[in-house]
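What the coordinates show
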Amino acid sequence: MSHIHIPDGVLPVWLWLGGWVVAAAIVWLASARSGGVDVRRKVPLVGVMAALMLVAMSSEIVPIAYHINLTVVAGVLLGPQLSIVAAFVVQVVLALLGHGGVTVIGLNTLMTASEMLFGWMLFRGLITVLGPRRVGLASGVATVVTLALATTMLVGLVAVSGVGAATVRETGALDPQNLTFAAPFSDSIFSVGLFSGGERSSSPAVPVRRFATIVYTLGPLGWLIEALVTAAVLSYIARVRPSLIFEGALTPARQALPGDEHGRH
Amino acid sequence: MDIAVVDRSAVSGNSTLHGAATGAKLIAFSLVLAAVVVSTNLFVVLTITIVLLAAVAALRLPARSMLPLAAYPAVFAAVFAFASAPDALAASLIIAKAVTAALASVTLMFTTPYPQVFAALQRVTPGLVGDTLLMTYRAIFILADKLGDLTRAVRLRSGLSTGHPVRAARATTRALGGLLLYSLDLAQREYDVLVLRGYSGRLRVALRPSRSRAADSAIIVVAFMLLCLAALWRIYWIRLISYSWILLAVALVGLGVALASRRRT
Amino acid sequence: MALRSQTPDHIHPDDPTAEEVVRISCVRHTYEDGTSVHLCGLDFVAHRGKRVAVLGPNGAGKTTMLYHILGLLKPQEGAVSVFGVSPAEQWATIRRRVGVMLQNVDEQIISPTVGDDVAFSPRQYGLPETEVRERVNRVLKLLGIEELADRVPHNLSGGEKRKVALAGALVMDPELLVLDEPFEGLDPTSRQGLLDLLEHLSHERGMTVVLTTHDIDAVPEFADYAYVLAPGGTIALRGTPAEVFANAKVLADGNIKPPILAELFSRLRERDASAPEMALTIEDAAEALEGWKRRSLLPETPQ
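1. Here's the deal with the overall build of chain A
- The helix and strand tally for chain A stands at eight helices and zero strands.
- Ordered by position from the N terminus, the helices and strands of chain A form the series α-α-α-α-α-α-α-α.
- Looking at chain A residue by residue over its 265 residues, the buried ones come to 59%.
- When contacts within chain A are restricted to residue pairs at least 6 apart in sequence, long-range pairs at least 24 apart make up 74% of them.

Right under this line is the structure:
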């Protein structure tokens, strides 16, 4: 939901480099523990979810410049370990498509992955409390809470980075146009050479407090839409293929009926 | 979009790019991508686009299949640009960057059989990530294909155009669920076959001998020059900005020559 | 071995010492939607060098059975053993010895050219490139499709794709060949070619072949043994094709139409008790009918 749309060279080096290091470490950990057959079996699921997040991001639902990201759906289906891998792959492909910078792959991976993890944990918790029949409710609530948390993380990131919110755009909501693409390069460490040019920043950095006010007031609309979509999709899957949701991501695959074996027995 | 179209072009094409060593193409691709990432000048980005287009034209690559694929990211770049860019110029830049990066990827995939590309990628990525990247690449085509089928089916059955947004939204999400499960089964079968036939997370390919060392070097040199131009215009943009049109003009002349030579022969 | 009383007890191999390549004992698999396939009743056994056909109506679990042999499904109950190990757990140790052609060959051809596709397995197993080339050429020749090597699989006809997939399955010279509906979409010449090839492979190389098919008429020609699955997966019948097709009741329960010759002979028997025994190949049938005619022309044949 909230991957950071920042061109390269906006964030301070320690921040994006730190993001890369941490992301690389957890991706490596997630990958290194993947020797088992059962994890390997899930690779098509991870691939499809990554591709689905990419395709969903490119399909607008309503003409308010809002696109769904399906991070909670993916998180619930993939579980923690595979979510990390999927998040990384999504960000790499996005970067290859020029959508977001290369330096921010690390931070974006962390954001997307934590969103998926939050979603997964909350959903699991709520299902335990509410019972397995309330998939729609559980996933809706999990989505809203997850997105609220993710937004808070984003605000925190903006505060920490010290570059001002002008560079950060929360994609889930209908944003006012003052959250601009243009970057105040002069404020960042990369104020020289390669990274100081091109766009003139047309608006001054928005103070963190104002940024927070904006995303917390406009965000909920986006959260709600995403929650409705997530609830609908997960309820559908719970009805048609429950094991994907209830058996946890790493249980052995129980496949759909293969080949010609459709029909009642 | 059928993945077979990409495969067919990659294998049966006979151009200089087809004959070049995979390594050279990957290096050139990274350089072009870096040029796009570095660039903040619309004219420079368009220059890169046109150089790529000229190559497509001169080498008689199947432009009719390639261009729609390359234009695809423009859809979601446009969403982002619409909401966040301060002015039309910045918005164009965002879209141009996305399309150019995609055009570079598409050119690579249309001239190189995918196992060659992924064998190289998997050498430098952790096991599960490389594995997932391959599956994501295959799944994007499956999904895009099925999404088209499904929206058509939904439109036929409930009618997105009836002016009932709620009903339309419900039909869309149901379609999304169906799409997800279908794609999952297909991806699962595809992966099963890979595993049955000996795949275990690393594609192995026979090295394709380069047809001409000179062509390999030429490709890399051109790509490197593009990166140098992009970097120059980024660093000395104040002094160079008024000469940006020269790059574009030269590139356009190149494209014209390519098109003309194509028509003649 | 627990055997049902109504089925004749075959000491399965003609050679009791023959090695068991595949054995499935009472495997149960429950799918998402609650449908359950219970491959039980009789054990499924395939011995080295034998050709085994699995028959059954749609949805009986034929493909499920093959997926268990290939380790794609893990038995929730019961046991599967291929070359003495559980395929779901140790597929990596046996996969070089198993060749597979699944039903949808389109999904099975994964490389951008025919040559590369056939070379996929040997390359994955790390064979040197010269050996890979040699194996590919050999198997393409065996199937008579050398001229396809540089083609893009997508443009091939259905029958050609099937041959390419089969070449990919045979390239490692497997000891066990598993085929799901291999005759589907083949023209009569290709079908006969495949039948001859399978016979050659099992006789000359001792390859074990397990296949599922709807092509009942191919079974007598092809199979050393046949298994019949009843709906739900119960292994209802097994034996040589002649033994299986003689059991009209079980076949009818399983919704299987016997081969046309089998039906012809049982009809003749119903009408005329002097009709000959069932013959399942054209050759045998012609001979039997000729003998019958000769006998009926001779008035009062002694005995």
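2. So, the overall build of chain C
- Helix and strand content of chain C: 13 helices and ten strands.
- The C-alpha atoms of chain C give 21 Å as radius of gyration, which agrees with the globular expectation for 303 residues (19 Å, within 12%).
- A principal-axis box enclosing the C-alpha atoms of chain C has dimensions of 75 × 45 × 40 Å.
- Burial statistics for chain C: of 303 residues in total, 45% are counted as buried.
- Restricting the contact set of chain C to residue pairs at least 6 apart, pairs at least 24 apart contribute 65%.

3. Some remarks on the domain arrangement of chain C
Residues and elements named next belong to chain C.
- Here chain C is partitioned into domain 1 (20–256) and domain 2 (259–298).
- Counting from both sides, the interface comprises ten residues of domain 1 and, opposite them, seven residues of domain 2.
- Counting residues per element, the ones that place at least two in the side of domain 1 that touches domain 2 are α9 (218–222) and α10 (241–245).
- Residues belonging to the side of domain 1 that touches domain 2 are distributed by class as follows: eight nonpolar, no polar and two charged.

4. Observations regarding the environment of Glu20(C)
Residues and elements named next belong to chain C.
- With respect to the element layout, Glu20 can be found in strand β1 (residues 20–30).
- The exposure class assigned to Glu20 is partly exposed, which follows from the 17 C-beta atoms found within 10 Å.
- Distance from Glu20 to Val45, taken between C-alpha atoms, is 6.8 Å for residues 25 residues apart in sequence.
- Apart from the residues within four sequence positions on either side, Glu20 is in contact with Val45 and His47.

5. A short note on helix α6 (residues 129–142) of chain C
Residues and elements named next belong to chain C.
- Taking 1.5 Å per residue, 14 residues should reach 20 Å; α6 reaches 20 Å between its end C-alpha atoms and fits that length.
- Inspection of α6 places Val132, Arg135, Val136, Val139 and Leu140 among the buried residues, and these make up the whole buried set. Around the axis of α6, the buried residues are gathered within 125 degrees of arc, so they sit on the same side. In this structure, α6 carries Thr130, Glu131 and Lys141 as exposed residues pointing more than 90 degrees from its buried face.
- Following α6 by one or two positions, Gly144 has its phi on the positive side, about 70 degrees.

6. Focus: the sheet that holds strand β8 (residues 208–212) of chain C
All names here are of chain C.
- Read across the sheet, six strands follow the order β6-β7-β8-β4-β9-β10 without closing on themselves; strand pairing throughout is mixed. The outermost strands of the open sheet, each flanked by one partner alone, are β6 (98–101) and β10 (235–239). Direction aside, the axes of adjacent strands within the sheet are offset by 15 degrees on average.
- As defined by bridge partners, strand β4 (residues 51–55) adjoins strand β9 (residues 225–229) across four bridges and the pair is classed as parallel. Opposite Val54, over in β9, you have Tyr227 as the bridge partner.

7. Concerning the environment of Ala4(B)
- You can see Ala4(B) is positioned in helix α1 (residues 3–12).
- Expressed as a C-alpha distance, the spacing of Ala4(B) and Phe141(B), which sit 137 residues apart in the sequence, is 9.6 Å.

8. So, the packing of helix α4 (residues 42–58) of chain B against helix α10 (residues 213–235) of chain B
Residues and elements named next belong to chain B.
- Contact pair α4 / α10: the axes reach a minimum separation of 10 Å and the direction vectors enclose 170 degrees. Overall, the two elements α4 and α10 adopt an arrangement that is roughly antiparallel. Mapping the contact onto sequence places Val44, Ile48 and Val51 in α4 and Leu226, Leu229, Ala230 and Trp233 in α10.

9. What about the pairing of β9(C)?
Residues and elements named next belong to chain C.
- Summarising burial for β9: five of the five residues are buried, a large majority.
- Of the two faces of β9, the one lined by Tyr225, Tyr227 and Leu229 and the one lined by Ala226 and Val228 are each fully buried.
- When β9 meets β10, the two strands line up antiparallel, connected through four bridges. Residue pairing for β10: Val228 is matched across the bridge by Leu237.
- Here β9 folds back onto β10 in antiparallel fashion, the turn holding five residues, of which Gly232 has a positive phi close to 95 degrees.

10. Side note on the nonpolar core
- Counting residues in each nonpolar core, the largest one holds 241 residues, and the members touching the most others are Met49(A), Val85(A), Ala86(A) and Val32(B).
- Looking at which element gives the most residues to this core, the answer is helix α4 (residues 71–96) of chain A, with 18 residues.
- In this view, Val85(A) contacts Val27(A), Ala30(A), Ser31(A), Val46(A), Leu128(B), Val129(B) and Thr132(B); residues no more than four positions away in its chain are not counted.

11. Quick notes on helix α13 (residues 282–297) of chain C
- End to end, α13(C) covers 22 Å across 16 residues, agreeing with the expected 22 Å (1.5 Å per residue, within 8%).
- Of all 16 residues making up α13(C), only zero are buried, and the element is barely covered by its neighbours.

12. A word on the pairing of β6(C)
Residue and element names in this part refer to chain C.
- Of the two faces of β6, the one carrying Val98 and Val100 and the one carrying Gly99 and Met101 are both buried.
- Judged from the four bridges that link them, β6 and strand β7 (residues 176–180) form a sheet pairing that is parallel. When the sheet's bridge partners are listed, Val100 is paired in β7 with Val178.

13. Some thoughts on the environment of Ile260(C)
All names here are of chain C.
- Within the fold, Ile260 resides in helix α12 (residues 260–271).
- For Ile260, a count of 11 C-beta atoms within 10 Å corresponds to the exposed category.
- A C-alpha to C-alpha distance of 22 Å links Ile260 and Ala60, two positions 200 residues apart in sequence.

14. Description of the confidence of the model for chain C
Residues and elements named next belong to chain C.
- Per-residue confidence for chain C gives a mean pLDDT of 84, with 92% of residues at or over 70.
- The spread of mean pLDDT over the elements of chain C runs between helix α11 (residues 248–253), the lowest at 77, and α6, the highest at 94.
- Within the model, the stretch residues 1–13 combines pLDDT values under 50 with 15 contacts to residues more than four positions away or in other chains.
- Quick note on the complex model: pTM equals 0.74, ipTM equals 0.78.

15. Quick look at the packing of helix α3 (residues 22–38) of chain B against α10(B)
Residues and elements named next belong to chain B.
- Relative to each other, α3 and α10 sit at 15 degrees, their axes nearing to 8 Å. Comparing the axis directions of α3 and α10 gives the class roughly parallel. As for how α3 packs across α10, the hand of that crossing is left-handed. Only Asp216, Ile219, Ile220, Ala223, Phe224, Leu226, Leu227, Ala230, Ala231 and Arg234 of α10 make contact with α3, whose side of the interface consists of Ala24, Lys25, Ile27, Ala28, Leu31, Val32, Ala34, Ala35 and Val38.
- Partitioned by chemical class, the residues of the contact of α3 with α10 number 16 nonpolar, no polar and three charged.

16. Describing unusual backbone geometry
- If you check the backbone angles, Arg60(B) has positive phi at about 55 degrees while not being a glycine.
- Along the chain, the position of Arg60(B) falls in the loop between α4 and α5 (63–84).
- Look at Arg60(B) and you get partly exposed, because 13 C-beta atoms sit within 10 Å.
- Although it is not a glycine, Phe83(C) adopts a positive phi angle of roughly 50 degrees.

Parameters and conventions
Going along each chain's sequence as written, the residues are numbered from 1 onward. All chains are assigned letters beginning at A, and all ligands numbers beginning at 1, according to the order in which they are written. Totals for whole chains, interfaces and linings use all residues, but because this is a predicted model, local features are given only for residues with pLDDT of at least 70 and pairs of side-chain atoms are given and counted only at 80 or more. Secondary structure elements follow DSSP: runs of H or I of four or more residues count as helices, runs of E of two or more count as strands, with numbering from the N terminus. A residue is called partly exposed when the number of other C-beta atoms within 10 Å of its own lies between 12 and 20, exposed at 12 or fewer, and buried at 20 or more, with C-beta atoms placed from the backbone. A pair of residues counts as a contact when their C-beta atoms, built from backbone coordinates, are within 7 Å of each other. With C-alpha atoms as the basis for the radius of gyration, the globule rule is written as 2.2 Å multiplied by the number of residues raised to the power 0.38. Here the bounds of each domain stem from an automatic or database domain assignment. When residue character is reported, Ala, Val, Leu, Ile, Met, Phe, Trp, Tyr, Cys and Pro are called nonpolar, Asp, Glu, Lys and Arg charged, and the others, Gly included, polar. By this rule the span expected of a helix is its residue count minus one, scaled by 1.5 Å. It is the directions from the helix axis to the C-beta atoms that the arc portrays. A pair of strands is labelled paired if DSSP reports no fewer than 2 bridges between them. Note on geometry: axes are lines fitted to C-alpha atoms, helical ones only across the stretch in contact, with angles between N-to-C directions running from 0 to 180 degrees. Roughly parallel refers to an angle under 35 degrees, roughly antiparallel to one over 145, roughly perpendicular to one between 65 and 115, and oblique to any angle outside these ranges. When buried Ala, Val, Leu, Ile, Met, Phe, Trp, Tyr and Cys residues are joined through C-beta atoms within 7 Å, the set is termed a nonpolar core. The predictor's confidence in any single residue is recorded as pLDDT, a number from 0 to 100. Should the near helix be turned counterclockwise from the far one by less than a right angle, the crossing is left-handed, whereas a clockwise turn marks it as right-handed.

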